[in-house]
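Structural overview for review
Residue-level listing of the chains:
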Amino acid sequence: MRQIAAFLIFTFFSFASVAQSTGSITGRITDIDNYPIEMVNIAVENNQTGTTSEFTGKYKVQIPANEPVTIHYSSIGFQKKTITVTLKPGERKRVDVQLEMTAEKLEEVEIAAERERHSTTYFLDPRTISQLPQVSGSVEAIIKTMPGVSSNNELSNQYSVRGGNYDENLIYVNGVEIYRPFLVRSGQQEGFSFLNPEMVANLAFSAGGFEAEYGDKMSSVLNIEYKKPTSWGGSFKAGLMEGALTVHGSNKNHRLTHITSVRYKKSGYILNTLETKGDYNPTFSDLQTFITYDLTEKLEIGFIGNYNNNTFQFKPVDRETEFGLVNNALRLKVYFEGQEIDEFITSQGAFLLNFKPTKKLRLNISASAFTSSESETFDILGEYWLNQVDTNMGSSTFGDSVGSLAVGSYLDHARNYLDALVYNIAHKGEYKTGNHHIKWGAKWQVEDIKDEINEWMMLDSAGYSLPPSGEVMDVFTDSTTTLFESRKFSNSIYSNRLSAYIQNTWKTTIDSTKLFINGGLRVQYWDFNNQFIVSPRLLLAIQPDWKKDWLFRISGGSYYQPPFYKEVFDKQGNKNKDIKAQESYHIVAGADYNFMAWRRPFKFISEIYYKKLENIIPYSVNNLQILYEGENSASGYTTGLDMKLTGQFVKGVDSWISVSLMKAQEDIKNDMYFITNADGSQTKVEPGYIDRPTDQRVTVNLFFQDYIPGNPTWKVHLNLVYGSGLSFGPPNSPRYMATGRMPDYRRVDIGMSKSLISSERTYDNPKGPTKWFKDLWIGLEVFNMFDINNTISYTWIRDVYNNEYAIPNYLTGRLFNLKITGTF
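What counts as what
Residues numbered from 1 in each chain as written. Predicted model: local features only at pLDDT ≥ 70, side-chain atom pairs only at ≥ 80, totals over all residues. Heavy atoms only, no water. Helix = DSSP H or I, 4+ residues; strand = E, 2+ residues; numbered from the N terminus. Buried < 20%, exposed > 50% of the residue type's maximum accessible area, 1.4 Å probe, protein only. Contact = heavy atoms within 4.5 Å. Areas by Shrake-Rupley, 256 points an atom, 1.4 Å probe, with all protein chains shown as cover. Phe/Tyr/Trp six-rings, centres within 6.5 Å; stacked < 30°, edge-to-face > 60°. Core = buried A, V, L, I, M, F, W, Y, C linked by side-chain atoms within 4.5 Å. pLDDT = per-residue confidence, 0-100. Salt bridge = Lys/Arg side-chain N within 4 Å of Asp/Glu carboxyl O. Pairing = 2+ DSSP bridges. Patch = residues over 30% accessible without salt bridge, like charges linked within 9 Å, V, L, I, M, F, W, Y side chains within 5 Å. Lys, Arg positive; Asp, Glu negative; His and termini not counted. Charge placed at Lys NZ, Arg CZ, Asp CG, Glu CD. Polar contact = N/O pair within 3.5 Å; in protein donor to acceptor, adjacent residues only side chain to side chain. Axes fitted to C-alpha atoms, helices over the stretch in contact; angles between N-to-C directions.

A few words on the overall build of the protein chain. Broken down by element type, the protein chain carries 5 helices and 48 strands. Classification of the 824 residues of the protein chain by burial places 53% in the buried group. Within the protein chain, contacts between residues at least 6 apart in sequence are counted, and of these 68% link residues at least 24 apart. With an accessible surface of roughly 37000 Å², the protein chain has 56% of that area assigned to carbon and sulfur atoms.

Here we take up the packing of aromatic side chains. Counted by the stated rule, this structure contains 32 aromatic pairs. Measuring from ring centre to ring centre gives 5.7 Å for Y59 and Y73, while their planes differ by 80°; the resulting arrangement is edge-to-face. Taken as a pair, Y59 in strand β4 (residues 58–64) and Y73 in strand β5 (residues 69–74) lie far apart in primary sequence, 14 residues in all. The class for Y59 is buried, based on a relative accessible area of 2%. Judged by centre distance (6.0 Å) and plane angle (80°), the ring pair of Y335 and W385 falls under edge-to-face. Placement of Y335 in strand β22 (residues 328–355) and of W385 in strand β23 (residues 361–389) is noted, with a sequence separation of 50 residues between them.

The subject of this paragraph is the nonpolar core. Judged by nonpolar contacts, the single largest core of 34 residues is most densely connected at I143, L203, F205, L222 and I224. Going through the elements one at a time, β9 (121–124), α3 (140–143), β12 (169–173), β14 (200–206), β15 (220–226) and β22 are the ones with two or more residues in this core. Other than its neighbours up to four places away in sequence, I143 contacts L124, V149, Y159, L203, F205 and L222. In terms of nonpolar packing, the next biggest core, distinct from the first, is built from 26 residues, V184, F528, L624 and Y628 among them.

As for its placement among the helices and strands, E337 is situated in strand β22. For E337, a relative accessible area of 51% translates into the label exposed. With 74 residues separating them along the chain, E337 and L411 place their C-alpha atoms 9.5 Å apart. Dropping the residues within four chain positions of it, E337 is found in contact with D379, I380 and L381.

Here the protein chain shows a mean pLDDT of 87. Residues at 70 or above account for 90%. This stretch, residues 1–20, has a pLDDT under 50; its non-local contacts, to residues over four places away or in other chains, come to 4 contacts. When the criterion is pLDDT under 50, residues 103–115 qualifies, and its contacts beyond four places in sequence or with other chains add up to 36 contacts.

Inspection of the entire model under this criterion finds 35 salt bridges. With a closest N to O distance of 2.9 Å, D125 and R127 form a salt bridge. By relative accessible area, R127 is classed as partly exposed at 46%. A salt bridge links E455 to R487; the nearest nitrogen and oxygen atoms lie 3.0 Å apart.

Here we come to the sheet that holds strand β13 (residues 176–177). Sheet architecture is open: 5 strands sit in the order β9-β14-β15-β12-β13, paired in mixed fashion. The open sheet has two free edges, formed respectively by β9 and β13, since each of these has just one partner strand. Relative to β15, β12 runs parallel, the two being bridged by 5 bridges. In the sheet register, V173 faces β15, and the bridge partner there is I224.

Here we come to the pairing of strand β20 (residues 283–294). One face of the sheet, then the other: side chains in a regular strand alternate in exactly this way. For strand β18 (residues 256–265) and β20, the ladder comprises 10 bridges, and the chain directions are antiparallel. Residue pairing across strands places T257 opposite T292, the latter belonging to β20. The pairing of β20 with strand β21 (residues 299–325) spans 12 bridges and is classified as antiparallel. Pairing of D294 across the sheet is with E300, part of β21.

Side chains of K356, R362, K432 and K507 sit close together on the surface and give a patch of like positive charge. With respect to the helices, strands and loops of the structure, K432 is situated in strand β24 (residues 401–433).

Turning next to the environment of L780. Locating L780 in the fold gives a position in strand β45 (residues 775–783). In this structure, the C-alpha to C-alpha distance between L780 and K754, residues 26 residues apart in sequence, is 9.1 Å. Setting aside its immediate chain neighbours within four residues, L780 contacts I750, G751, M752 and N817.

We now examine unusual backbone geometry. Even without glycine at this site, N530 takes up a positive phi of about 55°. Phi angles above zero are rare outside glycine, and W598 is one such case at about 55°. Tracing the sequence through the fold places W598 in the loop between β31 (582–597) and β32 (600–616). Taking the relative accessible area as the measure of exposure, W598 reaches 58% and is therefore exposed.

With that settled, the discussion passes to the side chain of D749. Relative to the elements of secondary structure, D749 occurs in strand β44 (residues 745–757). A relative accessible area of 5% places D749 in the buried class. If sequence neighbours within four positions are ignored, D749 has contacts with P133, H717, L718, N719, V782, F783 and N784.

Let us now look at the side chain of R487. Tracing the sequence through the fold places R487 in strand β27 (residues 485–510). By relative accessible area, which is 14% here, R487 ends up buried. At a separation of 2.7 Å, a polar atom in the side chain of R487 contacts the main-chain carbonyl oxygen of K571. Apart from residues no more than four positions distant in its own chain, R487 is found in contact with I453, N454, E455, K571, Q572, Q625 and L627.

Our next topic: the sheet that holds strand β2 (residues 41–44). Reading across the sheet, the 4 strands line up as β3-β2-β5-β6 and stay open at both edges, with antiparallel pairing between neighbours. Of all strands in the sheet, those bounded by a partner on one side alone are β3 (50–52) and β6 (81–85). For this sheet the average axis-to-axis angle between neighbouring strands, irrespective of direction, equals 15°. Relative to β5, β2 runs antiparallel, the two sharing 4 bridges. Directly across from A43, in β5, lies its bridge partner H72.

Shown next, in the form of structure tokens:
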């Protein structure tokens, strides 16, 4: 007890002594229009003391007492300011500071963490992810707001880029390629992606024309770097749909750093807004960590690990869908029996070795492995009635069913299983010398994947079993049943891939004009089909010495995408050993303009592109499920224009609008058909170029932020999405019959938040539990604010007369979400 008392007394007098030898400066930093400025550096001269301003502009810093102290205030894009003060021991003084914006070129002003303007890569501020009102809570949601990117499914993390499908996008975390489950067919099943928004430090995205260092996919690359913390702390998030806890830290000399996060989500709350009612019990969870340790000043080891368990359980009860036109309104009523149980267990880990023998040379070796165990099982019986609805407002039966168009049932069955193991060893290096930045790399990868697919659907109307052709069969008996759809097979692939690349970026200045040239070469060999591919790529960027800050660039090259697994098989599971890599030849021309408006920084980016497609493997899409034809039987093209305007429409916060125009078509070989003329003769018809499944002609994304002037503790975030309709056609039909267009995708999500604890509370010296928090926010989100019925796919039914009806499957309706987030 004496030792404890002595320690407490010593601690008390130590703190008292410190308090009596220092004073504190508090205040608020604003611009000349009195808007708060965040992240201003406050440095005390000849002292290690310093801090940064919070989002409210508030700050607090301790300084030595009884002596003149000089304090510097600095922030990118603002003129530096310096003051000198002298405080008495224990004195507290308020100093409010106004900073004026500089007249320097905006290349020094960082908009949304933009860097390396000469590249086709956009750099985004990861802090925006938490501000974006979204259903999925994923990193990918912010990518969906970028130009050239489209997605018509708020439940999914997947996205399409410039006419490509979901399988054509690369994702890296700290140089390690990330994989996702194979069997997922809907956003309801998907759960968490690998990417954890609380762990992201840097985020870069390219929609095409990217450098040779990025792998063999045709559409896009998303490159993520995880945080390396310098202090202990963490964050948490809790809401009606999900929760997350993240902790991070480092030891005293910062040689050991770690960040670990756990997430948990039960999305039944939002799935209950779907038209199919029942018992939704989806449970998604994951655990992820990133650890680094400096063995020496030049040698670092690291580990990234992720375990993800996504389980989807569902017992449907009934469904009612109304569709059609005002003068021809229809209503589908379905009663269900059965259940669906899906499980996707994935894990991925990587060991990293980083060596910097000199300031100019960096070497990296990584060894990573990905495993996935997936099962999709369901038996669902649906009994349906398709009725005509009375739309005569003067009728006594207005809104009621007045005529039956079809009565029947369907039985949907699946027992699908897949196991995958992918592991690789890779080396990367980079060397800087003069105006040159050289990068190279090589990788050996092994893929061991096997599946067992057994799924079918039986569809009948009034006791008639309907085959895919639509031919009406006799009433079925126990010995005769015709299946509407059927896929049954088992397959496996064990293969090796070798890949390598080298590239050089050269920077120079010619007559005050900055010139950037990046040239590279990428090669790959796959022993499954013994194909060797070579992909040259080139980028040229010019920044003239004009009064206005413009930059122009043009990039292009060949982008091969060898099959991974699903592309090798057709819809019936037949393996094609002669399958080849799909080819995409990019040409991208862009302009980048930084400017000032209303004394605030803005950036305008535009790119026009053309992609020539060869050896394409045709496919069809149903929700998220992609079914390939299993052969290189098509060629095509994609062309379009992307534009994005980013800036401070409201002082101090970035907002942006993206607009994209695109056309994507393909010509499938031997897809001809014959029509019978009046005289009985036949005429051959070749459809030629048809719209690709991802041909979304127009997309518009708006992300807007605002706050109450003078009181930024109240914030509003708005996300508006518009996408023109995608093509679709009847099931089990040739691709050229996909001539229909889904309704346009339209959605508005809005979030409102209030700061409960911020830097301002520091001045009150709070006690109790709140003293452990740096920031604490409470927010209310309204998803699909206007309750728009967006179509994701169609359910097809037939009557006994072979008439087909496409019943739209709608996405989620309006939903309110309450959440609380904080850092500590």
